[in-house]
Structure formats: C-alpha cells, structure tokens
Amino acid sequence: MALIAPSLLSADFLNLQKDCDMLNASEADWFHLDVMDGRFVPNISFGFPVIEPVCKATTKTCDVHLMILEPGNYAEAFQKAGADILTVHYEACAHLHRNLQQIRSLGMKAGVALNPHTPVYLLSDILQDIDLVCIMSVNPGFGGQKFIPQTLSKIAELKKMITDKNLATLIEIDGGVTLENAPSILAAGADVLVAGNTVFKSADPTATIAALKKL
Ligand code: DX5
Ligand code: ZN
C-alpha cells in the first residue's frame, strides 16, 4: 500500500487550520511541504513562519522538500521547525554526502530529490545513505503541472538498484500525480505519492486521499 503525502502548496493559505484538521482526520500518511527560494527554482513559496505552525498542527509526518540552494545552512532550522524528513536536491548539493550526514545527525530522515533530467544512476554510490529518493515528475517550482511519462522508467530503474543492494530506501513521486496515472506509478515501484492539486482542488479532499490510498 502506498504512502500518501498531500502537498501544502495547493492548500488554502487563509484556512490552513482547516486543511490541517482535514488532513489529520484523513488516511494521509505524510504532509508534504515545498520550500522554494526563487534561486534554485523560479518561484518563492513559504518558509519557517508557515512550516513551524503547520508541523505543530499536524499529527502526520512532516515531509519537507527543499528546492533551495545551500540547504545545509538551514538544516538545523528545519529540524527545529518540526521537519521529520528533509529532502535536498541533488542538483543543489556539491557535497551531497555531507548534507545527508548532517540531516541524519540532526535526527531527521534524509531525502534526495532528482530533477527530471537527472538520471537515477548518479545515486548508485550514495544510495545506502539515503532514506528517501524523490523523483520529480514535473520541473520543480509549481503545482498543477502535467506528469512527465519518462518518469516511469526512472522509477523502475531506481527500484531495481534499491532491491539489488537490499536497501529500504523509499521512492517518492512528486508532480502531476492523479487518480488516473497513480496505478502505473505504483506498478513501476513507487512507495510514496505526493499529490497537491489532485487532493486540494478536488470536491472532497478526504475522499480523494482515501481513493489514492486504496489503489
Ligand atoms: C512542485 C512541488 C510539488 C507540488 C506538486 O515543485 O515539489 O510538491 O506541490 O503539486 P501537484 O501534485 O499539483 O503537481
Ligand atoms: Zn514537492
């Protein structure tokens, strides 16, 4: 059964308490929080004044996706803000091994996100140090984009790498996940589905989460 991680980016920012309450009462497993710096990606989202109260308000695992340069400068602050999982981008880290060690030493799970153009084999020598690989299935920076089909073969390739090395690393898919394409994403080997628009723009978010969970 997949883990479901609704993305805060598509929530109603004037009613975050309402969306937190909905999520807490739902079958969601994680809350996915997207941090954008306007440098690594061409958009700015939200930072600590949003993340801290949301992590306090939710009973779910806080899955923080950093789309920022120099994430190491802020790892401790995200841990203090309540992050359980901290994901950095491969493309933003010249010293990825150091970044992952830092995240784990702060007591968080360490994730690595890959842009659509970054091949999964680049992680082969560091996979044992990663708790979660987030394969971006859209170009990071915006919610509501279309799923890139090439992602499916990346998932299958990464799944084989993880199985061959006998690791427990989770595969998360982020961007353009819908009720229609989720079955093929799961069949390829994904463990965690991020869903922004699919959940929060649906008529009944709780039912949509339950439907994703059932797949
Ligand atoms: C995009 C973010 C995603 C986004 C997904 O850069 O990383 O987490 O919220 O939104 P949807 O599911 O609407 O594509
Ligand atoms: Zn994300």
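Just above, that's the structure.
The structure contained in this document is the topic of the report that follows. These numbers were taken from a predicted model, which means no experiment stands behind them.

Things to note about the sheet that holds strand β1 (residues 3–6)
With respect to topology, eight strands assemble into an open sheet ordered β1-β8-β7-β6-β5-β4-β3-β2, the strand pairing being parallel. Sheet topology places β1 and β2 (30–36) at the edges, where each strand pairs with a single neighbour. If you compare each strand with its neighbour and ignore which way they point, the axes differ by 25 degrees on average. Pairing analysis gives two bridges linking strand β7 (residues 170–174) to strand β8 (residues 192–195), with the strands arranged parallel. Following the sheet pairing, E172 is matched in β8 by V192. Its contacts with the sheet put helix α2 (residues 48–57) on β2 and β3 (61–67), and the angle it makes with β2 is roughly 175 degrees. Helix α8 (residues 205–214) contacts β1 and β8 of the sheet and is inclined by roughly 150 degrees relative to β1.

Observations concerning the coordination of the zinc ion (ligand 2)
At 2.0 to 2.3 Å from the zinc ion (ligand 2) lie its protein donor atoms, namely H32 (NE2), D34 (OD), H65 (ND1) and D174 (OD). Every donor counted, the six donor atoms about the zinc ion (ligand 2) form angles of 70 to 169 degrees at the centre, which fits octahedral coordination. Sequence spacing among the residues donating to the zinc ion (ligand 2) works out to H-x1-D-x30-H-x108-D. Taken together, the positions of D34 in strand β2 and D174 in strand β7 put the pair 140 residues apart, joining distant regions of the chain. A single burial state applies to D34 and to D174, both of which are buried.

Regarding the packing of aromatic side chains
The tally for this structure, following the rule as stated, stands at two aromatic pairs. On the numbers, 4.6 Å between centres and 45 degrees between planes, the contact of F48 with F78 is tilted. Of the two residues, F48 is situated in helix α2 and F78 in helix α3 (residues 75–81); the sequence distance between them amounts to 30 residues. For F48, a relative accessible area of 28% translates into the label partly exposed. A relative accessible area of 3% places F78 in the buried class.

Examining the layout of surface pockets
Taken as a whole, the largest pocket holds about 310 Å³ of empty space. What lines the largest pocket is a set of 29 residues, among which F142, G143, G144, G175 and G176 lie closest to the centre. Residue classes in the lining of the largest pocket are distributed as 11 nonpolar, 15 polar and three charged. In this structure, the second largest pocket spans a volume of roughly 200 Å³.

Quick notes on the rules
Residues numbered from 1 in each chain as written. Chains lettered and ligands numbered in written order. Predicted model: local features only at pLDDT ≥ 70, side-chain atom pairs only at ≥ 80, totals over all residues. Heavy atoms only, no water. Pairing = 2+ DSSP bridges. Helix = DSSP H or I, 4+ residues; strand = E, 2+ residues; numbered from the N terminus. Axes fitted to C-alpha atoms, helices over the stretch in contact; angles between N-to-C directions. Contact = heavy atoms within 4.5 Å. Donors = N, O, S within 2.8 Å, 3.2 Å for Na, K, Ca; no water. Tetrahedral: all angles 85-135°; square planar, octahedral: opposite > 155°, others 65-115°. Buried < 20%, exposed > 50% of the residue type's maximum accessible area, 1.4 Å probe, protein only. Phe/Tyr/Trp six-rings, centres within 6.5 Å; stacked < 30°, edge-to-face > 60°. 1 Å grid on protein atoms, 1.4 Å probe; cavity = no way out; pocket = protein on both sides within 12 Å on 5 of 7 lines; lining within 4 Å. Points joined across faces, edges and corners; volume = space filled by probe spheres on them. Nonpolar A, V, L, I, M, F, W, Y, C, P; charged D, E, K, R; others polar.

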